[in-house]
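# Residue-level structural notes
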Amino acid sequence: MNMKLSVKHNVDQWFNKIAKNPAQSITVSILWLILIGWIAFGWNLGSIGLIDETEPLFAEASRQMFVTGDWITPFFNGDTRFDKPALIYWCQAIAYAIIGVNEWAVRLPSAIAAFALVCLAFYTIQWYFAKQDELEQVSRPTRRYFTSFIAAALMALNPETIIWARTGVSDMLLTGCMASALLCFFLGYAGKGDEGAGGERITNALFPNKWYLAFYVLIAGAILTKGPVGIVVPGLIVTVFLLYVGKFREVLREMRLLVGVLIILGLSVPWYALVIWRNGWNYINAFFGYHNLERFTEVVNGHSAPWYFYFLVVLLGFAPYSVYLPLSIVRLKFWQRSHWRSLERFQQFGLFAWFWFATIFGFFTVAVTKLPSYVLPLMPAAAILVALLWSDFFQNTEARQTIPVYSSPTPPISPSFLRVSGWVNVVFLSVLATALFNITHILGTDPAISNFHEQIQRTGLPVIAGVIWLVCAVLVAGLLLSRQWKQVIGINLIGFVAFLIFVLTPASFFIDRERQLPLRELSAVILETKQPNEELIMLGFKKPSVVFYSHIHVNYLGSPQEAIEHIKNQAAKGLKPASVLLLAEQKKFLQMDLQPDDYKNLSTKGAYNLVRVPFKKKKSEKMDIS
């Protein structure tokens, strides 16, 4: 017991020393952020190829912008691509200009957006606890630093964030803009929004404070990343929160809303005006109609799911810390409106995180089209909620005894509730370990990987994964029995880092080697063997990565009969060269029933065949295939 107190005293002394030295404080914070940022977002970021099917669509559209200089209309494979606005394409194209056209450049905007968000959240939490200590007239650097360190780690090191921060699509850029905008709003709101540098009240200033200005700029970025949702969801969160705390009109005046709207429109509208001017109703119907309104009101591309879908997404996407979300939310007692309205603005941080989490969860639960990435913007709020739950453990006994009752935003944690959540954590980790031990019985087959289950089993990854989480379950159980609550979240974090390093990363290399590498190799063969003006047909599947890696147009055909008819039509036209390249899955290729002299095999990689089909000359000297 004395040893535990001695260690705790030394830790408190160390953080007190850091807090008194701004240079050391900044250095330690930067090193921590770099460490978790590199592990979560930078390590092996560009070491695997693009993942079909969505990522190459963005990568190639950005490459077309970079090559052609057309920064207004996105194109893919010769057709306009109106799925998403231009910001993600601009960012990737700029990355191409700096480091070249490669996988690193494709994913760099997502990784930077995630890292910037984690850094801003780290700053916000440190600021929040510094304000709380100032109000309570105590110094608790251990709580301030530990909680901000944990919040940053939770925000970065969870499955949902890591997946999308390492993927070159628009979801993480949207989350970075949207979540950073919400943090900037709260910093502006909690700083009372209209105070000058000397603390005086500014009532007639034309512009709001810097945080509200940053909020408006980031909202414009969100609109340029994914359209109306970039302002609708953050606007809904801010509106509901302000109405609840009774400060709606007051804060809107502080925010200089008219100026803010002009900033948002000035930054976001010009591109929309240009793309509509160039493409007219084609863009309006495709983007605003199909990709926004219909996605909310109808099932698009078969992406339907039951009402409880996002409960499962949050449970697994924020695993293993998601088991503490219910306690984190209940602890706030958000239903006690009079209590929250009586607090200082900055003390409403936990309440704001709750509205942030609940609004996004509810909004996309109501939407008919459902995808796991839609709730990515609530993950930062989830990390904040769980970190605030753990903040009670990072303060010394003397400071806790001097805290005035009225100044504490939330009541102390009930040990019984904490024990229940802890044992749920143990059960969850045990179930997760069991599922991973038996993962080959759970996963479906992958037509692109032969003997998929056997190959997964041979890697040994299921056993390693199961052992990692089983050991974590045992360690958490031991900590609960010895009432060492503080270390529980650390075990979960360490377990996830081990899982990322020893399971997820090798698994991504395995899947890339078996699933994507054959397509990259075939793209290289296409570049070497393709004759000028020779058409490339992809039969029976759509893999946009071939377009990105081969840099040529691909004609997608669905059935063998359709391919045969198309080749006959091309032969009848007497085109030069008198052949086409055909890339097909082996089973589809066999269904074409071509004779050995009807084609020339160029390469076979994995589940795919690349052949050249020459047009045959009939007696009439016309080109044909029969």
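Each chain carries its own residue numbering, running from 1 in the direction its sequence is written. With pLDDT at 70 or above as the cut-off, local features in this predicted model cover only qualifying residues; side-chain atom pairs require 80 or more to be listed or tallied, and sums for whole chains, interfaces and linings still use all residues. Only hydrogens and water are removed before side-chain values are computed, so all heavy atoms of the structure are retained for them.

This brings us to the pairing of strand β7 (residues 608-614). Partly exposed residues are those whose accessible area sits between 20% and 50% of the maximum for their type, while under 20% is buried and over 50% is exposed, using a 1.4 Å probe and protein chains only. A run of H or I in DSSP becomes a helix once it reaches four residues, and a run of E becomes a strand once it reaches two; helices and strands are each numbered from the N terminus. Across the 7 residues of β7, 6 count as buried, placing the element largely inside the fold. Each pair of strands is called paired provided DSSP finds at least two bridges between the two strands. Pairing analysis gives 7 bridges linking strand β5 (residues 579-585) to β7, with the strands arranged antiparallel. The residue of β7 that forms the bridge with valine 580 is valine 613. Bridge count between strand β6 (residues 600-605) and β7: 5 bridges; the pairing is antiparallel. Counted as the bridge partner of lysine 600 is arginine 612 from β7.

Right, let's get into the nonpolar core. Only buried residues count toward a nonpolar core. Its members are Ala, Val, Leu, Ile, Met, Phe, Trp, Tyr and Cys residues joined through side-chain atoms within 4.5 Å. In this structure, Leu157, Phe185, Trp356 and Phe357 are the most contacted members of the largest nonpolar core, which totals 156 residues. The element best represented in this core is helix α8 (residues 171-190), accounting for 15 residues. Note on contacts: a residue pair qualifies if any of its non-hydrogen atoms lie within 4.5 Å across the two residues. Non-local contacts of phenylalanine 185, meaning those with residues more than four positions away in its chain, are made with Tyr212, Phe215, Val238, Phe241, Leu242, Val251, Met255 and Phe352. With 18 residues, the next largest nonpolar core counts Leu57, Val525, Met538 and Phe541 among its residues.

A score between 0 and 100, pLDDT records how confident the predictor is in each residue. Residues at a pLDDT of 70 or more form 88% of the protein chain, whose mean pLDDT is 86. Note on residues 196-201: pLDDT is under 50 here. Beyond four places in sequence and across chains, it has 6 contacts.

Examined against the element boundaries, arginine 81 turns out to sit in the loop between β2 (79-80) and α4 (87-99). Its relative accessible area of 7% is what places arginine 81 among the buried residues. With sequence-adjacent residues up to four places away left out, arginine 81 is seen in contact with Leu57, Phe58, Ala61, Pro74, Phe75, Phe76 and Tyr89.

Here, axes are lines fitted to C-alpha atoms. For helices the fit covers the stretch in contact, and angles between N-to-C directions go from 0 to 180 degrees. At their nearest, the axes of helix α9 (residues 210-226) and helix α12 (residues 257-279) sit 9 Å apart, and the two run at 30° to each other. As far as their axial angle goes, α12 and α9 are roughly parallel. Both α9 and α12 take part in a crossing whose hand is right-handed. Contacts from Leu213, Tyr216, Val217, Ile219, Ala220, Ile223 and Leu224 in α9 reach Leu257, Gly260, Ile263, Ile264, Leu267, Ser268, Trp271 and Tyr272 in α12. Within the contact of α9 with α12, the residues separate by chemical class into 13 nonpolar, 2 polar and no charged. Throughout this description, any angle smaller than 35 degrees is read as roughly parallel, any larger than 145 degrees as roughly antiparallel, any in the 65 to 115 degree range as roughly perpendicular, and the remainder as oblique. With the far helix as reference, a near helix turned anticlockwise by less than a right angle produces a left-handed crossing, and one turned clockwise produces a right-handed crossing. In this classification, the charged set is Asp, Glu, Lys and Arg, the nonpolar set is Ala, Val, Leu, Ile, Met, Phe, Trp, Tyr, Cys and Pro, and all remaining amino acids, among them Gly, are polar.

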